[in-house]
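Residue strings, one per chain:
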Amino acid sequence: TKYVYDFAEGNKDLKDLLGGKGANLAEMTNIGLPVPPGFTITTEACRAYLADGEPPDGLRAEIADHLSRLEEGIGRRLGDPADPLLVSVRSGAKFSMPGMMETVLNVGLNDESVHGLAAQSGSERFAWDSYRRLIQMFGKIVLGIEGERFDDALEDKKRARGSDSDLDLTTDDFRTLVDAYKKIVRDATGRDFPQEPAEQMSQAVRAVFDSWNAERAILYRRQERIPADLGTAVNIVAMVFGNLGMDSGTGVAFTRDPASGAQGIYGDYLQNAQGEDVVAGIRNTVPLQQLADIDRKSYDELLDIMATLERHYRDLCDIEFTIERGKLWMLQTRVGKRTAAAAYVIANQLVDEGMIDLDEAVRRVNGAQLAQLMFPRFDTEAKKERIARGMNASPGAAVGRVVFDSYTAVKWSRSGEKVILVRRETNPDDLNGMIAAEGILTSRGGKTSHAAVVARGMGKTCVCGAEELDVDTKGRRLTTRDGLVVEEGDVLSIDGSNGMVYRGEVPVVSSPVVEYFEGRQETAGAEADVLVKAVHRIMTRADEVRCLGVRANADTPEDAARARRFGAQGVGLCRTEHMFLGDRRQHVERLILADTDDERESALSALLPLQRDDFVGIFTAMNGLPVTVRLLDPPLHEFLPDITELSVRVALAEARGDANENDLRLLQAVHKLHEQNPMLGLRGVRLGLVIPGLFTMQVRAIAEAAAQCRAAGGNPHAEIMIPLVGTVQELEIIRAEAEDVLAEVSRESGEQLHCLIGTMIELPRAALTAGQIAGAAEFFSFGTNDLTQTVWGFSRDDVEAAFFSAYLEKGIFGVSPFETLDTDGVGRLVRLATEEGRAARPELKVGVCGEHGGDPDSVHFFHQVGLDYVSCSPFRVPVARLEAGRAAL
Ligand code: PEP
Ligand code: MG
């Protein structure tokens, strides 16, 4: 096996093997951009190392071989005392992972070569600064020494100089810092800092391999659903220096605005600085445009390169670059992360610019982004007390209590508090807190700072670089420029779309994308217009190409109407249980307590007109489109008083001697209906079979409502759905009764009523006998909530709280099967039942109405299986439309 690739040997399609960074460095090398020479150790080597605990055979020799070629090409030897080659060792997995250790710079420096570097560069100060940086990074990353110990030593030096900038430190300061750092290493590890350059390099390589399994990397992967077994590549790159003086520097840039998608030049530049200083937000950067004044030649070349990269990648790219004494070097590029809004806007722009076609644009956005764009925003009319303005790093409106550290963020959010994590700047150790927080606010760092990049990736609201705020992490408070103090626990509202920070809770309003779907356009403004136009174009195309229909789960006329505006092609699940609550509970109670047919019928006939009106409303809202009404599903005890409460009430009444007859009967009934496992008990079709007249009352209400709508000139398409069927016999009995009622109502009303009668498939037995069941069903609708519950034997109401977090942590599954369909297990039954159902009845309509109907990954699966439609909550309808379109491309 070949474990090492020179940059010239790779290309951008080799991300699996070379990681994202390595593949793109290779690509840039091959299209002739100025990349410092180097090579990449493959992810395969990393996987072998992680499996065996030892580098694979031959790796050492291969690295040595590539290193000598690198040395020959440059004409310097690694760590040569007289004229050293220095390298950086950089991790680079297939997917960018800010949770991982990134880089060790200046490998090859030691007590001797530091002099060589001084001579070579003409700067003692620079050489000693570089050496202390090496020990610091190496100590922290490779040797696992707490970073603060080095930071503190550096701070002490600065304080001694009476300055807060490392630019004021002298050669001597750095020389003594090197001694101090070496002592820290010795104290912490019992060994000296390794002087041998090859040893430094191989230790750094191992550390990068090991960092794949660092806790925060594991956490980040879980959050981003990145597979745990990919491993990382390692890039060895010849050093170029941005800290050689004011004619040097380092920067980050985007080819378009990653927040809004607008075209232009976006980036940050920092003069006389090295590597990660910009991303870490250590010193404040200047906008990239200012580079034009600082170094025109490099600036022009950079713009040229950015244009080349965009054309080459046909997408927004982000880049890291360094200028060494007026010479521009590209250190990294990749297709850049962007906000949800920018994803739509950019995809649309690229179509306009002829770089991609519309189908590609549809592929490049996703339902999760669309869902994000449908989040509410702050009410522009509301009174707000603005206390600062930072950068709009990641959009959204977040309200929460202020916390100043990750630990508290996690703790408070576990107990149900919404929190805003406030930090001076974030680093990878803050990941936990960022995940837990509603939003992130920092006082330092630009749009490319750690906080901004990570928040955007997570879709979290973030305002960064709010410099007016003085953040006192230790004192758990922040102070505004006007002297206002905000303590831990106080409420702030932050607007990631414009960078505003407000005191207190600001009310939120709907998004322009929601307004667009609703057919009203209230949010004015160019940015909203551009976004809405992009969404419209992409949604239109998705609708054109998709094979899946999209319906909504709606139980009220209002929900049905909203769903229809959102593009729903009918109601796939109208749950009738909420129609039995409120004032109507008394009728249900009477029904349950009835001793005689008369009592029962009287209760049912009180419910009938109420139900009929419910259905008239929904049929009217969905006029011309199918409405699947599901007959009553939950166990009846859900409509009765709580057993404990009632028992206490009756006991107290009895003690007082005034127990009331009705309560006593009720208590009896509650006891009779009490079940240990109500979810597996008297519910669904079983109710219809056991409670005489219940289902026929509902069917009559549906039929009469349809007749009434028809008579009024409407065009209702009612479908009757029987829940929790396990065997065709159940369905046959209910079906026969329903058909009788339909025929009766047709006769009575003089309207021709044809309603499809079908069933939910939500028990394994139903799926396994789908061929038989299709004999009595004109449609199937998979109830994947119950099907997941019964296939796994997981209680859908309890497990998420009980033990799913442990399961997720142990990697038993990456996501709850109640959220994304378990395709191997539950999905297999869905496929089988669809095939066997259709074999028995070719015109069988098949859909899904569990929560999975609106989940992007699951929608793709349902498309593959060839279902006719998915049905989901109204708000998810646009997401399902888009994903159904993407699945079809
Ligand atoms: C289901 O079980 O998937 C379903 C849609 O029904 P409910 O959620 O009402 O049980
Ligand atoms: Mg169900």
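Residues numbered from 1 in each chain as written. Chains lettered and ligands numbered in written order. Predicted model: local features only at pLDDT ≥ 70, side-chain atom pairs only at ≥ 80, totals over all residues.

**Notes on the overall build of the chain**
When helices and strands are counted, the chain shows 34 helices and 33 strands. Each of the three principal axes of the chain carries a C-alpha extent, and together these read 105 × 65 × 55 Å. The buried share among the 889 residues of the chain stands at 51%. Nonlocal contacts in the chain, meaning residues at least 24 apart in sequence, comprise 68% of its contacts between residues at least 6 apart. (Helix = DSSP H or I, 4+ residues; strand = E, 2+ residues; numbered from the N terminus. Buried ≥ 20, exposed ≤ 12 C-beta atoms within 10 Å, placed from the backbone. Contact = placed C-beta atoms within 7 Å.)

**Re the confidence of the model for the chain**
Of all residues in the chain, 98% attain a pLDDT of 70 or more, and the chain-wide mean is 92. Across the interface, the model reports ipTM at 0.99; the global pTM reads 0.81. (pLDDT = per-residue confidence, 0-100.)

**Notes on helix α1 (residues 15-30)**
Compared with an ideal rise of 1.5 Å per residue, which puts 16 residues at 22 Å, α1 spans 15 Å between its outermost C-alpha atoms and falls more than 12% short. Largest kink in α1: about 80°, centred on Lys21. α1 sits mainly inside the fold: 13 of its 16 residues count as buried. Note on α1: the residue one or two positions beyond its end, Gly32, has a positive phi of about 85°. (Expected span 1.5 Å × (residues − 1). Bend = angle between axes of the 7 residues up to and from the residue.)

**Focus on the pairing of strand β32 (residues 845-848)**
Burial of β32 is two-sided: the residues Lys845 and Gly847 facing one way and the residues Val846 and Val848 facing the other way are all buried. Both strand β31 (residues 779-782) and β32 contribute to a ladder of 4 bridges, which runs parallel. Within the sheet, the bridge partner assigned to Phe782 lies in β32 and is Val848. Relative to strand β33 (residues 869-872), β32 is paired through 2 bridges, and the arrangement is parallel. In the strand pairing of β33, Val848 is matched with Val870. (Pairing = 2+ DSSP bridges.)

**Considering the UniProt feature "active site" (unreviewed entry) in the chain**
As recorded in UniProt, the feature "active site" (unreviewed entry) lies at His450 and Cys849. Considering the C-alpha atoms alone, the annotated residues occupy 400 residues of sequence and remain spread out, their largest mutual distance being 40.4 Å. The topology assignment puts His450 in helix α17 (residues 450-458). For His450, a count of 23 C-beta atoms within 10 Å gives the class buried. Considering the arrangement of structural elements, one finds Cys849 in the loop between β32 and α33 (856-865). Non-local contacts of Cys849, meaning those with residues more than four positions away in its chain, are made with Asn553, Gly572, Leu573, Ser781, Gly783 and Ser871. (UniProt positions renumbered as here; feature names shortened; annotations may be inferred.)

**A few points about the nonpolar core**
A general trend in soluble globular proteins is that nonpolar side chains are found buried together. Counting 261 residues, the largest nonpolar core has Val87 and Ile702 as the members making the most contacts within it. Those residues within four positions of Ile702 in sequence are excluded, and the remaining contacts are Phe615, Val629, Ala718, Ile720 and Cys755. (Core = buried A, V, L, I, M, F, W, Y, C linked by C-beta atoms within 7 Å.)

**Some remarks on the domain arrangement of the chain**
When cut into domains, the chain gives domain 1 (4-238), domain 2 (249-335), domain 3 (344-374 + 512-543), domain 4 (377-509) and domain 5 (546-635 + 675-888). The distance between the C-alpha centroids of domain 1 and domain 4 comes to 33 Å. Contacts between domain 1 and domain 4 engage 6 residues on the former and 9 residues on the latter. Class assignment for the residues of the side of domain 1 that touches domain 4 results in 3 nonpolar, 2 polar and 1 charged. (Domains from an automatic or database assignment. Nonpolar A, V, L, I, M, F, W, Y, C, P; charged D, E, K, R; others polar.)

**So, the sheet that holds strand β7 (residues 232-238)**
With antiparallel pairing, the 5 strands of this open sheet are ordered in space as β1-β2-β7-β5-β6. Each of the sheet's edge strands pairs with one partner strand only, and the pair in question is β1 (4-6) and β6 (103-107). Going across the sheet, the axis of each strand differs from the next one's by a mean of 20°, ignoring polarity. Pairing geometry for strand β2 (residues 38-41) and β7, over 4 bridges, is antiparallel. The partner of Ile41 across the bridge, within β7, is Val234. Against the sheet, helix α8 (residues 197-211) contacts β2, β5 (87-93), β6 and β7, and its axis sits at roughly 15° relative to β5. (Axes fitted to C-alpha atoms, helices over the stretch in contact; angles between N-to-C directions.)

**A word on the site of ligand 1**
In the neighbourhood of ligand 1, the contacting residues comprise Leu573, Arg575, Asp633, Glu762, Gly783, Thr784, Asn785, Asp786, Cys849 and Gly850. Those elements giving two or more residues to the shell around ligand 1 turn out to be β27 (571-575) and α30 (784-792). When residues of the shell around ligand 1 are assigned to their parent elements, the largest contribution, 3 residues, is made by α30. Within the shell around ligand 1, the residues separate by chemical class into 2 nonpolar, 4 polar and 4 charged. (Near = placed C-beta within 6 Å.)

**Quick look at the sheet that holds strand β22 (residues 485-487)**
Reading across from one edge, β20-β21-β22 is the order of the 3 strands in this open sheet, with antiparallel pairing throughout. Since the sheet does not close on itself, it has two edges, and those belong to β20 (470-472) and β22, each with one partner. The sheet shows a mean angle of 15° between the axes of neighbouring strands, taken without regard to direction. Pairing between β20 and strand β21 (residues 477-479): 3 bridges, direction antiparallel. Counted as the bridge partner of Asp470 is Thr479 from β21.

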